[in-house]
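# Examining the three-dimensional arrangement
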Amino acid sequence: MMKILNLRTILLGIVLFSFNFVSFGQKLASGPQVLTFHSDVDDTEQPYGLYLPKNYNAKKKYPLVVMLHGAGSNHRLALRRVFGKSNAEGESDVEASRYFPEWKDVDYIVISSFARGTMGYQGVAEKDVMDMVADAKKRFSIDENRTYLTGLSMGGGGTMWIGLSYPDMWAAIAPVCPAPPGGTLELVPNAINFPVYFFQGDADPAVKVDSTRKWVQRFKDAGVQVEYTEYPGVKHDSWVNAYKDEFIFDWFAKFKRNPYPDHVRFAATQYKHNKSYWVTLDEFTPGTTALIDAKFTTKNRLEISTKGLKTFTLNLTDHPSFKSKSPLELVINGQTIRAEAGATLTLTQSGDAWAVNTLNTLASAKKRGAEGPMSEAIADRHVYVYGTGGSPSQDELAKRRAEAQKAMEWSTYRGDFLGRVMVFPRLLSDKEVRPSDIESSNLILFGTKETNSLIEKYSDKLPVSLKAAAEGYGLAYVFPVDNRYILVNSGLPWWTLSDNPNAPTRQNTPAPMNVLGRFQDFVLFKGTINNVVSGGRFNNDWTLPNTEVDKMKASGVVVFK
């Protein structure tokens, strides 16, 4: 019996020792390092830089700084840059990426995204940034009201785009020599509740000083709290000055987010970016700008103005200016509405009149995750599928595969500076697609219902098709089916280019994922994408506009459902 007890005691001791050893081994060291999160876009582990302050204590809430790198850079260099650490004399970026130098400790958690390399900060890269932030929040104790965003060059533009697309996340943002993407201008009003600090060199040949000056003025005109520092004689490295001596952390420390501002002004062009603080934009036309300006003038009284907006929701739970037991008075575009007590209220416009939408019904079929345009189909998890139908020869089957593979190859080498876009979606034949793929992924389908069994499978739900005998035409469109996007490309591929030197290319090589952003929900073209027969967005009920139906009919190559 004693032997058994001793054995049990020994085994228990081993287990406890092992547990303590594993726990100790899993504890992250302070300072700069690299972590990863799992991306469901392509089932890869995506790296991001992390700075963990000394003596990190999980019982304490820490401020978070999110740092976005510029073109030709990466997460490791970005982490160095935000702490004011440039390359050593004569050191290349490749060499500087191999190690982290010592720097002064700050009481912040800092994360820096890789975001697939150099592809801007929309689409997959935007999702990566948000996934990185979510991963950091799961791992560490982060103060939601002291979360900050900064970045340089391409990352400065990303700071503007992500900062304005998710305005209720940030206490302050700081774009450095920013190169913002298209669509940023419409979102400037969204910065009404946080300060913005711009940095720029006046001799910058890549991001012109006049451009940044205009952005500064636009923000000022919108009533945003703006600071601006311009460095005389500085070229495209103003981040050296901007981040010197950990300055940015001292500036960020001045600001905290107010999660319940009395005034919300919010513009959106996509349902994927339709919420700010206590306001959600429920119904508008994607691709156009919907705007709301909502302000408490006293307890339970709001004045609201809207533009391009049909339905919105107010969620006033825990708002200090809302008394849950008292009715609300809303003045919307001059119309007064009195509503019974309730923290959540949806309002819909019919004609010129607004009314409480007690059933929360929406007329539009377009919504978050089902709004288009075509580029949204490849902004999340997706697979490329070529068809095997019609008894193709081996040469024909190889041709079909090669065409779909061309679209799938995001990681084409673009030279030493731009490198590769590190996105790795899968390529399958229609026979290889599994039920789990259909359930979890957007489908990029090549061919027609005669050649691709998945196009045939969904043909009764798809609005149009290209005639099998059509020669010299290409048809591409996105359509929502069963909570996913289906993108169909029949005939010529959507990236078919002519010898036009101004056609969309990168490093003289057509990039299908870039060309797709040139279009909206659908396009029918003849010969090349420079000769568009019909194109644009589906109506809000996912029907084709009559004018575009007429153009497609006149072509004689399209069949309508």
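Conventions and cut-offs
- Residues numbered from 1 in each chain as written.
- Predicted model: local features only at pLDDT ≥ 70, side-chain atom pairs only at ≥ 80, totals over all residues.
- Heavy atoms only, no water.
- Helix = DSSP H or I, 4+ residues; strand = E, 2+ residues; numbered from the N terminus.
- Buried < 20%, exposed > 50% of the residue type's maximum accessible area, 1.4 Å probe, protein only.
- Contact = heavy atoms within 4.5 Å.
- Lys, Arg positive; Asp, Glu negative; His and termini not counted.
- Charge placed at Lys NZ, Arg CZ, Asp CG, Glu CD.
- Core = buried A, V, L, I, M, F, W, Y, C linked by side-chain atoms within 4.5 Å.
- Salt bridge = Lys/Arg side-chain N within 4 Å of Asp/Glu carboxyl O.
- Pairing = 2+ DSSP bridges.
- Axes fitted to C-alpha atoms, helices over the stretch in contact; angles between N-to-C directions.
- Polar contact = N/O pair within 3.5 Å; in protein donor to acceptor, adjacent residues only side chain to side chain.
- Phe/Tyr/Trp six-rings, centres within 6.5 Å; stacked < 30°, edge-to-face > 60°.
- Lys NZ or Arg CZ within 6 Å of the ring centre and 35° of its normal.
- pLDDT = per-residue confidence, 0-100.

The subject of this paragraph is the overall build of the chain. Counting its regular elements, the chain contains 13 helices and 27 strands. Principal-axis analysis of the C-alpha atoms gives the chain an extent of 75 × 75 × 70 Å. Taken over 561 residues, the chain has a buried fraction of 52%. Once local pairs closer than 6 in sequence are excluded, the contacts in the chain between residues at least 24 apart make up 63%. Here the chain carries 65 positive and 60 negative side-chain charges, and the mean point of each set is 4 Å from the other.

Moving on: the nonpolar core. Tyr384, Leu462, Tyr477 and Trp494 are the most contacted members of the largest nonpolar core, which has 61 residues in total. Counting residues per element, this core draws most heavily on strand S23 (residues 473–481), at 7 residues. Ignoring any residue separated from it by four or fewer positions in sequence, one finds Tyr477 in contact with Met374, Leu462, Pro463, Val464, Ile486, Leu487, Val488, Asp521, Phe522 and Phe538.

Bringing unusual backbone geometry into the picture now. With an omega of -5°, the peptide bond between Gly372 and Pro373 qualifies as cis. Within the secondary structure layout, Pro373 lies in the loop between strand S18 (353–356) and strand S19 (382–386). The phi torsion at Asn55 lies on the positive side, around 55°, for a residue other than glycine. Assignment of secondary structure puts Asn55 in the loop between strand S2 (44–52) and strand S3 (62–68).

Bringing the pattern of salt bridges into the picture now. Summed over all chains, the structure comprises 24 salt bridges. Across the pair Glu396 and Arg400 runs a salt bridge, and its minimum N-O distance is 3.1 Å. Of the two residues, Glu396 and Arg400 both sit in helix H9 (residues 394–408), 4 residues apart, roughly one turn of that helix.

What the 8 strands build is an open sheet, ordered S1-S2-S4-S3-S5-S6-S7-S8; its pairing is mixed. Looking at which strands have only one partner, the edges of the open sheet turn out to be strand S1 (31–39) and strand S8 (226–231). For this sheet, the mean inter-axis angle between neighbouring strands, taken without regard to orientation, is 20°. Here strand S5 (residues 142–152) pairs with strand S6 (residues 172–176) via 5 bridges, running parallel. Counterpart to Gly151 in the pairing with S6 is Pro175.

The next point concerns the pairing of strand S12 (residues 290–298). Where strand S9 (residues 263–268) meets S12, 6 bridges bridge the pair, whose relative direction is antiparallel. Opposite Val264, over in S12, you have Ala294 as the bridge partner. Direction of pairing for S12 relative to strand S13 (residues 301–307): antiparallel, over a ladder of 7 bridges. Residue Asp293 lies in a different strand from S13, and its bridge partner there is Ser305. Joining the antiparallel neighbours S12 and S13 is a turn of 2 residues, in which Asn300 adopts a positive phi near 65°.

Further remarks concern the side chain of Asp143. For Asp143, the location among the structural elements is in strand S5. Classification of Asp143 as buried rests on a relative accessible area of 15%.

Turning to the sheet that holds strand S14 (residues 311–315), a few remarks are in order. Taken in spatial order, the 5 strands line up as S10-S11-S14-S17-S18 in an open sheet, and their pairing is antiparallel. Pairing within the sheet leaves two strands with one partner each, and these edge strands are strand S10 (275–276) and S18.

Quick look at the pairing of strand S17 (residues 344–350) now. Across the 7 residues of S17, 5 count as buried, placing the element largely inside the fold. Where S17 lies against S18, 4 bridges are found, and the strand directions are antiparallel. From the neighbouring strand, Gln349 faces S18, where its bridge partner is Trp354. Linking two consecutive strands that pair antiparallel, namely S17 and S18, is a turn of 2 residues; a positive phi of about 70° is found at Gly351 within it.

Within helix H2 (residues 75–82), 7 of the 8 residues are buried, which leaves it mostly tucked inside the rest of the structure. Every buried residue of H2 is listed here: His75, Leu77, Ala78, Leu79, Arg80, Arg81 and Val82. Its side-chain oxygen 2.9 Å from the backbone nitrogen of Arg76, Asn74 forms the N-cap of H2. Looking at the residues trailing H2, positive phi occurs at Gly84, about 80°.

A separate point is the packing of aromatic side chains. This structure, assessed with the given rule, holds 28 aromatic pairs. Judged by centre distance (5.1 Å) and plane angle (55°), the ring pair of Tyr108 and Phe249 falls under tilted. Taken together, the positions of Tyr108 in the loop between helix H3 (93–96) and strand S4 (109–113) and Phe249 in helix H8 (residues 247–252) put the pair 141 residues apart, joining distant regions of the chain. Exposure class is identical for Tyr108 and Phe249. Each is buried. For Arg80, the ring lying beneath its charged end belongs to Tyr99, and the centroid distance is 4.9 Å. Here Arg218 stacks its cationic end above the ring of Trp215, 4.6 Å away from the centre of that ring.

Overall, the predicted model of the chain reaches an average pLDDT of 92, with 93% of residues at or above 70. Confidence drops under a pLDDT of 50 for residues 1–5, and excluding neighbours within four residues, the segment shows 0 contacts in the predicted structure. In this model residues 7–25 is a low-confidence stretch, pLDDT under 50, and it forms 0 contacts with partners more than four residues away in sequence or in other chains.

For Leu524, the position within the fold is in strand S25 (residues 522–526). For Leu524, a relative accessible area of 0% translates into the label buried. When the C-alpha positions of Leu524 and Lys59 are compared, they lie 58 Å apart, and in sequence the two are 465 residues distant. Apart from residues lying up to four places away in sequence, Leu524 is in contact with Leu466, Tyr473, Gly474, Leu475, Val532, Val533, Ser534, Met552, Ser555, Val557 and Val558.

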